[in-house]
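Below are the chains, spelled out letter by letter.
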2 protein chains.
Amino acid sequence: MSRIPGRLSTTPPTLADVAERAGVSRQTVSNAVNNPDLLRADTLARVQEAIAELGYLPNRAARNLRTRASHLIGLRIQPVQEGTANATMDRFVHSLVETSREAGYHVLLFAGEPGEPLAGYDDLLRSTAVDAFVVTDTYLGNPQATWLDSRRAPFVAFGRPWENPSATHAWVDVDGAAGCQLATDHLLDKGHERIAWIGWRKDSRIGEDRRAGWHRAMHARGLPTTGLASRVEDTVVSGRSAAGVLLDEARPTAFVCASDTLAMGVLHTLHERGLRAGDDVAVVGFDDSQVAQVVRPGLSSVRQPLEQVAVEVVKAMEGLLGHPRVAHPGVLLTPSLEVRDSSGPDRR
Amino acid sequence: MSRIPGRLSTTPPTLADVAERAGVSRQTVSNAVNNPDLLRADTLARVQEAIAELGYLPNRAARNLRTRASHLIGLRIQPVQEGTANATMDRFVHSLVETSREAGYHVLLFAGEPGEPLAGYDDLLRSTAVDAFVVTDTYLGNPQATWLDSRRAPFVAFGRPWENPSATHAWVDVDGAAGCQLATDHLLDKGHERIAWIGWRKDSRIGEDRRAGWHRAMHARGLPTTGLASRVEDTVVSGRSAAGVLLDEARPTAFVCASDTLAMGVLHTLHERGLRAGDDVAVVGFDDSQVAQVVRPGLSSVRQPLEQVAVEVVKAMEGLLGHPRVAHPGVLLTPSLEVRDSSGPDRR
DNA sequence: CTGAAAGCGCTAACAC
DNA sequence: GTGTTAGCGCTTTCAG
């Protein structure tokens, strides 16, 4: 019945192997692993010794089958966007992996057809491959949330339910408005008054939210915003041309941008016109990308607390999966501002 | 015995549900899924109809337990390196996820203690949570490969077995020397003759390999390399100061760098000295990072064919896991050069 | 070609 | 406290 578990044994030891070695029943070994307090101290010690000697670890598939849980959380990732400075998702993935590990979960990555927002979710759900999902692309109607909800699938969204504020699912988000307000206040404090905004097209809820932060900060000081805002696609060239137009027509002394990608476009325009970023015109981006960190001059940027997002996401997930289910309402986190040279000196 | 699988049913349908609905035995359903050719056409159709109606998909845990396979491949990821332009790993992850999906695999991400290169591997292996690993950090002795080999754990390395060329495990790598030779030839063709190298410390095998490409290209044209090379840490400031020293002491007209991070340092120095990158001094980096793509002037850079790496990795993995095991020797892929403005104009 | 039986390794429920 | 029994959902024999 038993097998000789040598160092190079190809099949790992099982519960039965440990039980035999420790001279107890299989159930006792199971208890030693899952409910150690149920065992008498000496039995526990004997079992643990056997476990250590054999290098036993419960077989995942068997445990999953029995407990109807995989301890896996599914995360769908999109292809990288080349030519932009966007890497939020990658930073988040790292944080999520770290945090889930501490909670006993692993992250299962899956790809989806770009056009099919639901692809991948369904299969994993029906085959009970994951315990829960982390949904990240919550822009544009967020069909995943609605769909997952209807399937009673546990999930936590990174991103608010913009289209449906009454949605009851768990979510974690970063307050983009607060971030842009922070950025704008920072420039206002330096003495700027004509601060322009370059953001995304109006159908982006995230973009409008970030814009609101700039708008709010300007109005709080009684400064006009008319003619100072531009909404374009999230590309470097769009940012560049938007900056050109704004400089010509509104003569801003500073720019706040919805992304580092757009901010890079602004930097390009400044250079072309012989303006020194920071000294002549201040620029702040959003996302604290690697680009912001290594470019010259360093690009001040709003940084999302992704580590904290991951912590809250996992916390919410544990609530969802726990017994009893602990409802976790939405959590809104505040970003910080990484100040670099593109903010320029004090102008007062 | 059976359950009513309504739309909102919380437990997915099982083989038994499908069997009952189709009026066949459970085994027949299993065959319909795994060996369709064994069934008579009409039976198959009836079963498939039932499968479709119920939205049946085999339970992963049960299948995994039975087949002793998880269809998961483990990939350990390191925390992001902020302040650098390195994002190769993230790009590779995306490619790997895409490619594995086509092969029927999902990617399981796990974190490891920075100091403990083996952490995480052992647990996943012993709990049979993954079928194979993709090992990426093969620099510095690569203890994972040796260890995984000794445990007879299937794995494919992205990176050559530098320290042990006779290692027999499967690996895929990108020819860094060829990439740097490409970059150097590109500059030579433009008319440069004093081309400097900024690379990593001598204990980096990857760094020495890349350097060899530069060296080879120079010598192929009978050009001297003495005094033109510098080896530093992989940071922007190191690249910057190395560039300064080289400019002072060796008067190069172009730089080839082991990374975009170092190349960014060079760009900083050029700007400080009023030299125009591209026009006055050419620069080529390595990795085609987002930074290279959005910075001004665009940074020419050697691009690793990570999509292709992923394809080869998965191919090797399928060989390892297939029956019979098909040995897959090492595969060395050639990078390409992304030419941007930092290469400068033709000088002839 | 289809069905019946067995068992992968584990844990929940119950007896002792 | 510890052992016995049963079964999670699937696939792999082996009969019919």
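Scroll up to find the structure this text is about.
Computed from a predicted structure; not experimentally measured. (Residues numbered from 1 in each chain as written. Chains lettered and ligands numbered in written order. Predicted model: local features only at pLDDT ≥ 70, side-chain atom pairs only at ≥ 80, totals over all residues. Heavy atoms only, no water.)

Trainee: What should I look at first to understand the packing of helix 4 (residues 60-67) of chain A against helix 4 (residues 60-67) of chain B in this one?
Mentor: Helix-helix packing is described using two parameters, namely the angle between the two axes and the distance between the axes. Interaxial distance between helix 4 of chain A and helix 4 of chain B falls to 8 Å at its minimum, and their mutual angle equals 145°. As helix 4 of chain A packs across helix 4 of chain B, the resulting crossing turns out to be left-handed. Across the interface between the two elements, A:Ala61, A:Ala62, A:Asn64 and A:Leu65 from helix 4 of chain A touch B:Ala61, B:Ala62, B:Asn64 and B:Leu65 from helix 4 of chain B. Taken together, the residues of the contact of helix 4 of chain A with helix 4 of chain B sort by class into six nonpolar, two polar and no charged. (Axes fitted to C-alpha atoms, helices over the stretch in contact; angles between N-to-C directions. Helix = DSSP H or I, 4+ residues; strand = E, 2+ residues; numbered from the N terminus. Left-handed = near helix turned anticlockwise from the far one by under 90°. Contact = heavy atoms within 4.5 Å. Nonpolar A, V, L, I, M, F, W, Y, C, P; charged D, E, K, R; others polar.)

Trainee: In this structure, what is going on with the protein's contact with DNA strand C? I would like to understand it.
Mentor: Neighbouring DNA strand C are 25 residues, the closest being A:Leu15, A:Arg26, A:Tyr56, B:Thr43 and B:Arg68. Here DNA strand C approaches the protein such that, of its atoms within 4 Å, sugar and phosphate make up 62%. With respect to DNA strand C, the side chain of A:Ser30 contributes an N or O atom lying 3.0 Å from a phosphate oxygen. For DNA strand C, a phosphate oxygen lies 2.8 Å from a polar atom in the side chain of B:Thr28. Listing elements by their share of the surface near DNA strand C, those giving two or more residues are helix 2 (26-34) and helix 4 of chain A together with helix 2 (26-34) and helix 4 of chain B. (Near = heavy atom within 4 Å. Polar contact = N/O pair within 3.5 Å; in protein donor to acceptor, adjacent residues only side chain to side chain.)

Trainee: I would appreciate a short explanation of the protein's contact with DNA strand D in the present structure.
Mentor: As a matter of local geometry, DNA strand D sits amid 26 residues, with A:Thr43, A:Arg68, B:Leu15, B:Arg26 and B:Arg66 nearest to it. Each atom of DNA strand D within 4 Å of the protein was classed as base or backbone; sugar and phosphate made up 62%. Contacts to DNA strand D include B:Arg26, whose side-chain N or O atom sits 2.3 Å from a base nitrogen. Contact between DNA strand D and B:Asn34: a phosphate oxygen at 3.0 Å from a side-chain N or O atom of the residue. Listed by contribution, the elements that provide at least two residues to the surface near DNA strand D are helix 2 and helix 4 of chain A together with helix 2 and helix 4 of chain B.

Trainee: I tried to follow the relation of the copies chain A and chain B on my own but got confused; where do I start?
Mentor: Two copies of the chain are present, and they differ by a rotation about an axis and a shift along that axis. When chain A is fitted to chain B, the best match, at an RMSD of 0.1 Å, comes from turning it 180° and sliding it 0.0 Å along the axis. Considering both components of the superposition, the chain copies are consistent with a two-fold axis. Mapped onto chain B, 98% of the interface residues of chain A are again interface residues, and the two copies thus contact each other with one and the same surface. (Least-squares fit on C-alpha atoms with pLDDT ≥ 70 in both.)

Trainee: Mind showing me how you'd approach the packing of helix 1 (residues 15-22) of chain A against helix 3 (residues 41-54) of chain A here?
Mentor: Residues and elements named next belong to chain A. The interhelical angle for the contact between helix 1 and helix 3, taken along N-to-C directions, is 125°, at an axis separation of 9 Å. Viewed along their axes, helix 1 and helix 3 adopt a mutual orientation that is oblique. Helix-helix and strand crossings are classified by hand; for helix 1 and helix 3 the assignment is right-handed. Of helix 3, the residues touching helix 1 (which contributes Asp17, Val18, Arg21 and Ala22) are Arg46, Val47, Ala50, Ile51, Glu53 and Leu54. In terms of residue class, the contact of helix 1 with helix 3 is built from six nonpolar, no polar and four charged. (Parallel < 35°, antiparallel > 145°, perpendicular 65-115°, else oblique.)

Trainee: Teacher, can you tell me more about the sheet that holds strand 9 (residues 282-286) of chain A here?
Mentor: Backbone-to-backbone hydrogen bonds join strands into a sheet, with any given pair of strands oriented parallel or antiparallel. Residue and element names in this part refer to chain A. Read across the open sheet, the six strands follow the order 7-6-8-9-10-12; overall the sheet is mixed. Both edges of this open sheet fall to strand 7 (229-232) and strand 12 (336-338), since each of them pairs with a single strand only. When strand polarity is set aside, the average angle formed by the axes of neighbouring strands in this sheet is 20°. Two strands pair when backbone bridges link them, and strand 9 and strand 10 (residues 300-303) are joined in this way by three bridges, in the parallel orientation. Each residue of the ladder has a partner; that of Gly285, found in strand 10, is Ser301. (Pairing = 2+ DSSP bridges.)

Trainee: Would you take a moment to explain empty space enclosed by the protein for this structure?
Mentor: Over the atoms, a rolling probe the size of a water molecule traces out where space has been left empty. Enumeration over the complete set of coordinates arrives at three cavities of 30 Å³ or more. By volume, the largest cavity is sized at about 280 Å³. Lining the largest cavity we find 25 residues, and of these A:Ala87, A:Gln290, B:Ala87, B:Asp90 and B:Gln290 sit closest to its centre. At the level of secondary structure, the elements contributing two or more residues to the lining of the largest cavity comprise helix 5 (88-102) and helix 12 (290-294) of chain A together with helix 5 (88-102) and helix 12 (290-294) of chain B. Classifying every residue of the lining of the largest cavity by side-chain character gives five nonpolar, ten polar and ten charged. Estimates place the volume of the second largest cavity at around 180 Å³. What lines the second largest cavity is a set of 16 residues, among which A:Asn64, A:Leu72, B:Asn64, B:Ser70 and B:Leu72 lie closest to the centre. Those elements that place two or more of their residues in the lining of the second largest cavity are helix 4 of chain A together with helix 4 of chain B. (1 Å grid on protein atoms, 1.4 Å probe; cavity = no way out; pocket = protein on both sides within 12 Å on 5 of 7 lines; lining within 4 Å. Points joined across faces, edges and corners; volume = space filled by probe spheres on them.)

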